[in-house]
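Here are the chains, one letter per residue:
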Amino acid sequence: MTLVAGVDSSTQSCKVVIRDAATGELVRSGRATHPEGTEVAPAAWWAALQTAILDAGGLDDVAALSVGGQQHGMVALDGEGAVVRDALLWNDTRSAQAALDLIAELGDGDPVAGAAAWAAAIGSVPVASFTVTKLRWLRDAEPDRAARVAAVALPHDWLTWRLAGYGPAADGGVPDLSALTTDRSDASGTGYWSPSQDDYRRDLLLLALGHDVVLPRVVAPGEVALRVARHGAADLLLGAGAGDNAAAALGLGMVPGDVAVSIGTSGVVSAISPAATTDASGMVTGFADATGAFLPLACTLNASRVLDAAARLLGVDHAGLSALALSAPAGADGLVLVPYLEGERTPNKPDATGALHGMRLANTTPAHLARAAVEGMLCALADGLDALRAQGVPVQRVRLIGGGARSEAVQRIAPSVLGLDVTVPEPGEYVADGAARQAAWALSGLATPPIWEAAAGTVVRSGVVEPAVREQYAAVRELTATRPGS
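First, a word on what this report is: a plain description of the structure on this page. Everything quoted here is computed from the prediction, not taken from an experiment.

### Thoughts on the overall build of the protein chain
Piece 1. Within the protein chain one finds 15 helices and 24 strands.
Piece 2. Expected size for 486 residues packed as a compact globule is a radius of gyration near 23 Å; at 22 Å, the protein chain falls within 12% of this value.
Piece 3. With respect to the principal axes defined by its C-alpha atoms, the protein chain has extents near 70 × 55 × 40 Å.
Piece 4. Here the protein chain holds 486 residues, and 58% of them are scored as buried.
Piece 5. Taking the intrachain contacts of the protein chain between residues at least 6 apart in sequence as the baseline, contacts between residues at least 24 apart amount to 72%.
Piece 6. Each charge class in the protein chain was averaged separately, 34 positive and 52 negative side chains, and the resulting centres sit 2 Å apart.

### A short note on the sheet that holds strand β19 (residues 294–300)
Within a beta sheet, neighbouring strands are joined by backbone hydrogen bonds and run either parallel or antiparallel to one another.
Piece 1. Taken in spatial order, the seven strands of this open sheet run β18-β19-β17-β16-β22-β23-β24, and their pairing is mixed. Every interior strand has two partners, whereas the edge strands, β18 (285–288) and β24 (457–460), have only one. On average, each strand axis in the sheet is tilted by 25 degrees relative to the strand beside it, whichever way the strands run.
Piece 2. Judged from the two bridges that link them, strand β22 (residues 395–401) and strand β23 (residues 422–425) form a sheet pairing that is parallel. Following the sheet pairing, R399 is matched in β23 by T423.
Piece 3. Those strands touched by helix α12 (residues 366–390) are β16 (257–263), β17 (267–271), β19 and β22, and its axis lies near 25 degrees from that of β17.

### A few points about the nonpolar core
Across soluble globular proteins, nonpolar side chains show a tendency to be buried alongside one another.
Piece 1. By size, the foremost hydrophobic cluster in this structure holds 52 residues, and its most contacted members are L135, V149 and Y192.
Piece 2. The leading source of residues in this core is helix α9 (residues 244–252), at six residues.
Piece 3. Membership of the second largest hydrophobic core comes to 51 residues, among which are L388, V417, V469 and Y473.

### Observations concerning helix α14 (residues 430–444)
Because the α-helix completes a turn every 3.6 residues, residues three or four places apart line up on one side.
Piece 1. In a regular helix each residue adds 1.5 Å, so 15 residues correspond to 21 Å; α14 covers 21 Å between its end C-alpha atoms and thus fits that length.
Piece 2. With its phi angle positive at about 75 degrees, G445 sits one or two positions after the end of α14.

### Some thoughts on the pattern of salt bridges
Piece 1. Applying the stated rule across the entire model yields 26 salt bridges.
Piece 2. For the salt bridge of E429 with R31, the shortest nitrogen-to-oxygen distance reads 3.5 Å. One end of the pair, E429, is in the loop between β23 and α14; the other, R31, is in strand β3 (residues 26–33), with 398 residues separating them in the sequence.
Piece 3. The partner of D258 in a salt bridge is R399, with the nearest N and O atoms 3.4 Å apart. Placement of the pair is D258 in strand β16 and R399 in strand β22, with a sequence separation of 141 residues. As far as the burial class goes, D258 and R399 line up, both buried.
Piece 4. Salt bridges sharing common partners tie together E39, R85, D92, R94, E142 and R145.

### Some points on the packing of aromatic side chains
Piece 1. Under the defined criterion, the tally for this structure stands at three aromatic pairs.
Piece 2. Seen from their ring centres, W161 and Y166 are 6.2 Å apart, and the 10 degrees between their planes marks the pair as stacked.
Piece 3. Accessibility expressed as a relative area gives 0% for W161, which makes it buried.
Piece 4. Across from the ring centre of W46, 4.7 Å away, lies the NZ or CZ of R162, which sits over that ring.
Piece 5. The ring of Y200 carries the charged tip of R202 above its face, separated from the ring centre by 5.9 Å.

### Some points on the environment of G37
Piece 1. Looking at the element boundaries, G37 is found in the loop between β3 and β4 (39–40).
Piece 2. Along the backbone, G37 and P350 are 313 residues apart, and their C-alpha atoms lie at a distance of 16 Å.

### What to know about the environment of A355
Piece 1. Relative to the helices and strands, A355 is located in strand β21 (residues 355–357).
Piece 2. With relative accessibility at 15%, the residue A355 sits in the buried group.
Piece 3. Between the alpha carbons of A355 and A481 there is a distance of 7.9 Å; along the sequence they are 126 residues apart.
Piece 4. What A355 contacts, discounting residues up to four positions off in sequence, is V336, L337, V338, L479 and T480.

### Describing the packing of helix α2 (residues 96–106) against helix α8 (residues 202–209)
Piece 1. Remark: α2 packs on α8, axes separated minimally by 11 Å, with the N-to-C direction vectors making an angle of 125 degrees. Of the possible angle classes, the one that applies to α2 and α8 is oblique. Between α2 and α8 lies a crossing of right-handed hand. For the pair α2 and α8, the contacting residues are L102, E105 and L106 in the first and L204, L207 and A208 in the second.

### Describing helix α4 (residues 131–141)
Piece 1. α4 sits mainly inside the fold: eight of its eleven residues count as buried.
Piece 2. Regarding α4, the residues found buried are T131, V132, T133, K134, L135, R136, W137 and L138.
Piece 3. Check the buried side of α4 and you find it contacts β7 (87–88), α2, α3 (111–122), α5 (143–148), β8 (151–153) and α8.

### Section: the packing of α2 against α4
Piece 1. Two elements in contact, α2 and α4, have axes separated by 8 Å at closest approach and are oriented at 100 degrees. Taken together, the axes of α2 and α4 are roughly perpendicular relative to one another. Counting all contacts with α2, which are made through A98, A99, D101, L102 and E105, the residues of α4 involved are V132, T133, R136 and W137.
Piece 2. The residue inventory of the contact of α2 with α4, partitioned by class, reads five nonpolar, one polar and three charged.

About the thresholds
Every chain begins its residue count from 1, and numbering advances along the sequence as written. Predicted model: local features are reported for residues with pLDDT of at least 70 only, side-chain atom pairs are reported and counted for 80 or more only, and whole-chain, interface and lining totals are derived from all residues. Excluded from the side-chain calculation are hydrogens and water; included are all heavy atoms of the structure. Strands here are runs of E lasting at least two residues and helices are runs of H or I lasting at least four, both read from the DSSP assignment and numbered beginning at the N terminus. With the radius of gyration taken over C-alpha atoms, the globule rule is written as 2.2 Å times the number of residues to the power 0.38. Burial here depends on accessible area, computed with a 1.4 Å probe over protein chains only, as a share of the maximum for the residue type. Under 20% is buried, over 50% is exposed, and the range in between is partly exposed. When checking whether two residues touch, look at their non-hydrogen atoms; a contact exists if any pair is within 4.5 Å. Positive charges are assigned to Lys and Arg, negative charges to Asp and Glu, while His and the chain termini are left out of the count. To locate a charge, take atom NZ for lysine, CZ for arginine, CG for aspartate or CD for glutamate. Pairing between two strands requires that DSSP report at least two bridges joining them. A fitted line through C-alpha atoms represents every axis, and for helices the fit uses only the stretch in contact; the resulting angles, taken between N-to-C directions, go from 0 to 180 degrees. Only buried residues count toward a nonpolar core, which is a set of Ala, Val, Leu, Ile, Met, Phe, Trp, Tyr and Cys residues joined through side-chain atoms within 4.5 Å. Multiplying 1.5 Å by the residue count of a helix minus one yields the expected span of that helix. Just to be clear on terms, a salt bridge is a Lys or Arg side-chain nitrogen sitting within 4 Å of an Asp or Glu carboxyl oxygen. Two aromatic rings from Phe, Tyr or Trp, using only the six-membered ring of Trp, form a pair when their centres are within 6.5 Å; if the ring planes differ by under 30 degrees the pair is stacked, by over 60 it is edge-to-face, and anything between is tilted. For a Lys NZ or an Arg CZ to count as sitting over a ring, it must be within 6 Å of the ring centre and within 35 degrees of the ring normal. When describing relative orientation, an angle under 35 degrees is termed roughly parallel and one over 145 degrees roughly antiparallel, while 65 to 115 degrees is termed roughly perpendicular and anything else oblique. By convention, the crossing between two helices is left-handed when the near helix turns anticlockwise from the far helix through less than a right angle, and right-handed when the turn is clockwise. Amino acids outside the nonpolar list (Ala, Val, Leu, Ile, Met, Phe, Trp, Tyr, Cys, Pro) and the charged list (Asp, Glu, Lys, Arg) are all regarded as polar, and Gly is one of them.

This is the structure:
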């Protein structure tokens, strides 16, 4: 049996799966936690990866490995390969004004023209999540550090580079910035790479940071990116890797017509498309996938943590929250939660706060609040699904994944809010699985990834669609406040 490994270096943790390269059968796995916060020292990811690898039994018998990672995170390196500052993560919103500045500048002062120009250039309109906005923030807020930046990588790029023995000499690595690699899917989330042109837009990088830097070589989906020499054994092959959403799509075996609704730290509605998308409204980001096609998606900052907050507020666990939500009527008798608890990315409201609307004596009960929390979170995702349709993306089948998808209330309410039957695959590490499948692809040398048996799932029928739930949410979703000091 030839083994391959897949890594998911996510916001909250690092997971490693080791699978049979031919069949995809899971052999063993490991995990480790990441620090909390929206800026993290990349060294913490490296330490967690080592712990997760050990927890998974090591890599001595593994032939190839790929890394799937959280997108957008800014890993700025100096000329010696050292990290210039802690990485700003995708959910760090301090660069919101930088995003507005970049949009206006590309439109010669007109933000509408600028949004259209950005969409034409990279398929997306920058928001605070994007790497390009974080680089502009660095240039403006920390100019001395910005001046030291010689290369910019993303989390999965940096981990792949470190696995191959590169890094600052002080850490025992080889500080060769030219060895950095990435893939189409992760590059497409930077804000300075064009999925339609399949190339970097260095003019946009210069607009943000003010000077040129080394950028990772973009590796083809099934290509070997780097090799790890092993004494007395064959090299460990490192695959191209991928952004987390693209890796999950590969792990799920998604094809055009499939849509994944992922309820994790963020909420993501993503689909496979044979053509690139261009959305000047900013609702849909036109990313690339991990196979050579495209992965248009809508991403919210608020997903499973909305459920966490509601459960904490009500003093129940998640099972208790689910039971409460299912005991209340659809629409929660008019109680609506707008779930912008961490600001929001889609729509672009980085400084917004959450809000409760329609409170009356009759609906201020734990059950109604639980129902409103589930419905509000799902309505935000349903808006993303509508935005994909508006871009001409085929939407035929929905797969509900992520930690929040394990909630019975989410599973039972989602079809009526989304308006489609929903398949809930068995819980799994789909990002790591997709990375493992990509590693098997690099090992095979074939033109297409290996065929692995798709995860089994439960189909939840849509039953009665509840348009009133969407309508009452749409009526109040703009009625939010901004955080003090914003």
